Amino acid sequence: MNLIFLGAPGSGKGTQSKKMCAEYNLIHLSTGDIIRQAIRDKTNVGLDAKKYLDAGKLVPDDQVIAIVNETISEIEQDFILDGFPRTIKQATTLQDILETNNKQIDFVFYLEADLEHLIARIANRLVCPECGTVYNKIIKMPKIDNLCDNDNTPLIHRSDDNEEKATIRIQTYLNETLPLVEYYQEENLLHVVDANQSTELVYKNIKNILDRV
Ligand code: AMP
């Protein structure tokens, strides 16, 4: 079972992907995480991608597609795509990549969230740079101040998680990514989940859909 999580920045794609990967033994493929790691490693891809990330813009399709192509052709295990595809071009190319590798997408979960809440959610977000667990200064504090519950790593505030960048990222999402909802609806793969609810309820709803089909 291979899944895509689609949704605006701050809609909970990363959090839900992590929970689902742990329970269903899937690989979490987050293009954002892969790009941030490449930036930390100072690879050519990372150095080039940094300017887009810092500006809240999308990294060019060809670069992200190359990353996903390499990753999907290397893994045996089923996976969740989190943050990819983000454009129609990425979605159509993904189709080709999957066909080449005899794989398919089984479910696309669209985490639909009210946009006005997202900026506050993003601005209060803290992330563990080690395991990727997401916290929130208001609704999901770590047990010990600023330390990850899993591995005690000091939490960070992503450089693109301020109000200004979040506003640009949401606008980019509306222009470039939202058309994918219709695209996957036409492919009969789309399942809409109300992402304004608690993490636990959203997860329960996703699992209900999986159990039902
Ligand atoms: P995320 O962690 O998914 O919010 O992604 C953080 C940033 O990485 C985005 O704002 C983009 O700059 C870049 N990025 C991640 N995934 C993609 C993608 N599929 N296409 C283009 N840029 C991406």
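Residues numbered from 1 in each chain as written. Predicted model: local features only at pLDDT ≥ 70, side-chain atom pairs only at ≥ 80, totals over all residues. Heavy atoms only, no water.

**Things to note about the environment of D194**
With respect to the helices, strands and loops of the structure, D194 is situated in strand β7 (residues 190-194). Distance from D194 to P85, taken between C-alpha atoms, is 20 Å for residues 109 residues apart in sequence. Leave out the neighbours within four places in its chain, and D194 touches E112 and V202. Within the local environment of D194, its side chain forms a polar contact with the backbone nitrogen of N196, the two atoms lying 2.9 Å apart. (Helix = DSSP H or I, 4+ residues; strand = E, 2+ residues; numbered from the N terminus. Contact = heavy atoms within 4.5 Å. Polar contact = N/O pair within 3.5 Å; in protein donor to acceptor, adjacent residues only side chain to side chain.)

**Points about unusual backbone geometry**
Cis rather than trans, the peptide bond between F84 and P85 has omega equal to 0°. Residue position: P85 is located in the loop between β3 (79-82) and α5 (88-100). The phi angle at K42 is positive, at roughly 55°, despite the residue not being glycine. Structurally, K42 can be placed in the loop between α2 (31-40) and α3 (44-55). For K42, a relative accessible area of 62% puts it in the exposed group. In the Ramachandran plot, N102 falls in the positive-phi region, its phi being about 55° despite a non-glycine side chain. Tracing the backbone through its elements, the reader meets N102 in the loop between α5 and β4 (107-112). (Buried < 20%, exposed > 50% of the residue type's maximum accessible area, 1.4 Å probe, protein only.)

**Some details on the packing of aromatic side chains**
Within the structure shown, the criterion is met by three aromatic pairs. The interplanar angle of 75° and the centroid separation of 5.6 Å between the aromatic rings of F5 and F109 together place this pair among those described as edge-to-face. Pair noted here: F5 is in strand β1 (residues 3-7) and F109 is in strand β4, with a separation of 104 residues, a long-range link. A relative accessible area of 0% means that F109 is categorised as buried. A network of ring pairs unites the aromatic residues F5, F107 and F109 as a single cluster. Here the guanidinium or amino end of K19 rests over the ring plane of Y203, the centre of that ring lying 5.1 Å away. The side chain of K140 reaches across the aromatic face of Y135, ending 4.9 Å from its centre. (Phe/Tyr/Trp six-rings, centres within 6.5 Å; stacked < 30°, edge-to-face > 60°. Lys NZ or Arg CZ within 6 Å of the ring centre and 35° of its normal.)

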